Every structure is written in structure tokens, then in C-alpha cells.
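Listed below are the residues making up each chain.
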Amino acid sequence: MKQYRIAAIPGDGIGKEVIAAGIEVLDVLAEREGRFRFAFDRFDWGSDYYKKHGVMMPADGREKIKDHDAIFFGAVGAPDVPDHITLWGLRLAICQPFDQYANVRPTRILPGITSPLRHVSGPELDWVIVRENSEGEYAGVGGRVHQGHANEVATDVSMMTRSGVDRIIRYAFALARSRPRKLLTVVTKSNAQRHAMVMWDEIAAEVAQDFPDVTWDKMLVDAMTMRMVGKPETLDTIVATNLHADILSDLAAALAGSLGIAPTANINPERRFPSMFEPIHGSAFDITGKGIANPVGTFWTACQMLEHLGEKPAADRLMRAVERVTADPALHTPDLGGTATTRAVTDAVIAAIRGDN
Ligand code: ATP
């Protein structure tokens, strides 16, 4: 029987809770499918590890996971460890060297979930946001001089390369082509940022030549926020820079009902390295240990992982189970206005998988 080796990195806070739920559900799904199974290797990297060892992951950490079929990641961040250490020490320390340059964030209003956009029904909001995940505003280039003095100067250089922009825009066009509406919106801020953003626009126009069947348009990021709220039905696939897409996808998650249901995949499209699948949300220490973390974002990203592994029917079965559960308000966790626990939602998804024909 086919076996997928998955590196599970629960990380911090509710990351541990939702990844435990995700592993349980994936094992039941594999049993139900009967054609494959999972072998999970768990790595306890994160803030607790940092407090013991002074690093978020061991020096040979990447070596340990580079041959896995995928990485299943929870969240990082702790109140007593600076954010730049948790982020750069683990999540980005995997994303960047593994060249996971395409960050893919599907957004839909799932059955039973109410969007704050009360005029919008489910089918009118069905997007995939593609975030450039390797350079741009988060390239880490910059510095500070004269720190603490009146003449202090600090810079963060947004660094974009022709090859980096070309590959993400090409990925987005290909993804748009694979979806029924074949519609792509390229987001920039090329009226104010006169160099890299103008290059984005130029490259988008060039790449579009190779995708004549995809309808595409350009939007400035500020206008884009208004369009997402006012005319969500005019959007389908969206591509934007690291920073812009980071912000737009939080907006998208909120419009779809909760950060707790939003998934994301960090993809290395060439498959030279494993790709990494995680819920969008962070470690959420305010609810850690209470047993009320919404596991739906983790289940949804598990669907992304299954699709990436070539197990589309299993991904569809899991998504059907998730949607059956979200449709029932009695199974909504507090972030969705309900009182259900992580345990209750997980059990219900497991029951729906077992009962699915
Ligand atoms: P970050 O690690 O990005 O700094 P954070 O840990 O501060 O984030 P977020 O994940 O951004 O928190 O979430 C903000 C708030 O949304 C949380 O404090 C929590 O109350 C709620 N939230 C996030 N994810 C979930 C979830 N899966 N289930 C329930 N509530 C959630």
C-alpha cells in the first residue's frame, strides 16, 4: 500500500491542538480510502524548543524533513519570544530554503457560515489568493543606523527579481486556467511604487500572452480592498506581492467568516523540496489549552495537501465531510459564534468521513 511520509510540526499554542486533530482526521480518511496510509514524523520545534536550546529548530532540521512528501505545520509565536525569532527561526527557515515561493490561499464561504458581508451568498465569494512567498517586501533586506538617536534611519528594501515575479505570475495564470471561470486579477501599487511594481505590471502583460484563454485585469491594492468587499463576485484567482497578499488574505479570511477556517499551502511547484501546509491563523495564546480552537482551517489545508499528493478524490471526500459539519451551527466553535469544542468538531468530521459514500 502506498505510504506518504509527512513531517508534522505542530509548533506553538493552538498549533499543537489543531495539528493533533488534523492527524487524527487524516488517519481516518486514509483508512476509509484504503489505498494509502500516512506515516507522520512529529517534530517538537517551536518556542518551547527555543527556550531549551536557544534555536527554534536544530541545525540539521531541514535535512531531517527534506525527503518527506509534505510538511504539515501548525503555528508559531509565543508571548515571551520575539516574533522575528519565531517567524524567521522556523516558518521562514523552512519556506525560504525549500523555495516554497507560491503561497496559495483558497477562500470560500462554507455552508452554514455567515459572512460579515450580509449581501453576499456562498457562491459569490470563491477566490484563491496566490501570494508571492520568497521575496518582495519580506526579503529581509534593510537595516538601521544611529539606533535610538534623532537621526536614526531604518530601511526595509522590497526586493523583486524578474525571475521571481515571472514564476509567481505564471503560477497564478496556470491556476486561474485550471478553475472554471479562468479569471485572474493581478494586484500591484504601480501608481506609487514606480520600479518593482511597474515591472510586475509589465511581466503580467508578457505572461498573459501565454494564457490567451485566461481573462485578466490589474488592480491597485487599495482599490482591491474595496472590490473584495463591494463586488466579491467579480473576483476569482488573485495574485499579489508578499505584503499585499498577506493583508488581502486576512481580509479574505474575515469575509469568509473566521480566521480559524482559512487554509494555506506553501508550494514548491517544481517539487525539488517538500511543500508545507498550514492553517492561516497564528498560535492564538488567548485560547490555547481551552479546547476551543477551530480545526477547520487545518482540515481544509489537509485537503490542499492531499491534492498536492495527487489524492484528489480523498481531498474531495474530506472537504465534503468538513462542509457537512460547518453546515450545522451546533458544531461551530466560538470564533464562529458557537459553543462547540475542537473535539466535537473533529469527531463530527470523522463521523462524516466514515458515513460518506
Ligand atoms: P500571530 O501568530 O499571527 O501573531 P496570533 O497568535 O496573535 O497571531 P491569530 O492567529 O492572528 O493570533 O488570531 C487572532 C485571534 O483570532 C486569536 O487571538 C484568536 O482569538 C482567534 N483565532 C485565530 N485562530 C483561531 C482558531 N483556529 N480558532 C478559534 N479562534 C481563532
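Heads up: the structure comes first, above all this text.
Here is a short report on the structure shown in this document. (Residues numbered from 1 in each chain as written. Predicted model: local features only at pLDDT ≥ 70, side-chain atom pairs only at ≥ 80, totals over all residues. Heavy atoms only, no water.)

## A look at the overall build of the chain
Item 1. Per the secondary structure count, the chain includes 11 helices and 12 strands.
Item 2. In summary, the chain has a C-alpha radius of gyration of 20 Å against a globular reference of 21 Å for 357 residues, a match within 12%.
Item 3. When the backbone C-alpha atoms are referred to their principal axes, the chain occupies close to 55 × 50 × 40 Å.
Item 4. Counting over 357 residues, the chain shows a buried share of 53%.
Item 5. Within the structure as shown, the chain displays about 15200 Å² of accessible surface, and the carbon and sulfur contribution to it stands at 54%. (Helix = DSSP H or I, 4+ residues; strand = E, 2+ residues; numbered from the N terminus. Rg over C-alpha atoms; globule rule 2.2 N^0.38 Å. Buried < 20%, exposed > 50% of the residue type's maximum accessible area, 1.4 Å probe, protein only. Areas by Shrake-Rupley, 256 points an atom, 1.4 Å probe, with all protein chains shown as cover.)

## Here we look at the site of the ligand
Item 1. If you check the shell around the ligand, you find 13 residues, and the closest are His 281, Gly 282, Ala 284, Asp 286 and Asn 294.
Item 2. At 2.7 Å from an oxygen atom of the ligand is found a main-chain nitrogen or oxygen belonging to Ala 284.
Item 3. Between Asp 286 and the ligand, the recorded distance is 2.7 Å, taken from a side-chain N or O atom to an oxygen atom.
Item 4. Notes on the ligand: free accessible area 610 Å², of which the protein chains cover 62%.
Item 5. Of the residues contributing to the shell around the ligand, the split by class is 6 nonpolar, 5 polar and 2 charged. (Near = heavy atom within 4 Å. Polar contact = N/O pair within 3.5 Å; in protein donor to acceptor, adjacent residues only side chain to side chain. Nonpolar A, V, L, I, M, F, W, Y, C, P; charged D, E, K, R; others polar.)

## Digging into unusual backbone geometry
Item 1. Positioned with a positive phi, His 146 is a non-glycine residue whose angle comes to about 55°.
Item 2. Relative to the assigned elements, His 146 resides in the loop between β6 (136–145) and β7 (153–159).
Item 3. One non-glycine residue, Arg 271, adopts positive backbone phi at about 60°.

## Some points on the pattern of salt bridges
Item 1. Using the criterion set out here, one finds 31 salt bridges in the structure.
Item 2. Of the charged contacts in the structure, one is a salt bridge between Glu 311 and Arg 35, with a shortest N-O distance of 2.9 Å. Taken together, the residues span a long stretch of sequence, with Glu 311 in the loop between α9 (296–308) and α10 (312–326) and Arg 35 in the loop between α1 (14–33) and β2 (36–42) at a distance of 276 residues.
Item 3. Residue classification places Arg 35 among the partly exposed residues on the basis of a relative accessible area of 40%.
Item 4. Asp 356 is paired through a salt bridge with Arg 324; the nearest N and O atoms lie 3.1 Å apart. With Asp 356 in the segment after α11 (342–355) and Arg 324 in helix α10, this pair connects stretches of sequence that are 32 residues apart.
Item 5. With relative accessibility at 4%, the residue Asp 356 sits in the buried group.
Item 6. For Arg 324, a relative accessible area of 44% corresponds to the partly exposed category. (Salt bridge = Lys/Arg side-chain N within 4 Å of Asp/Glu carboxyl O.)

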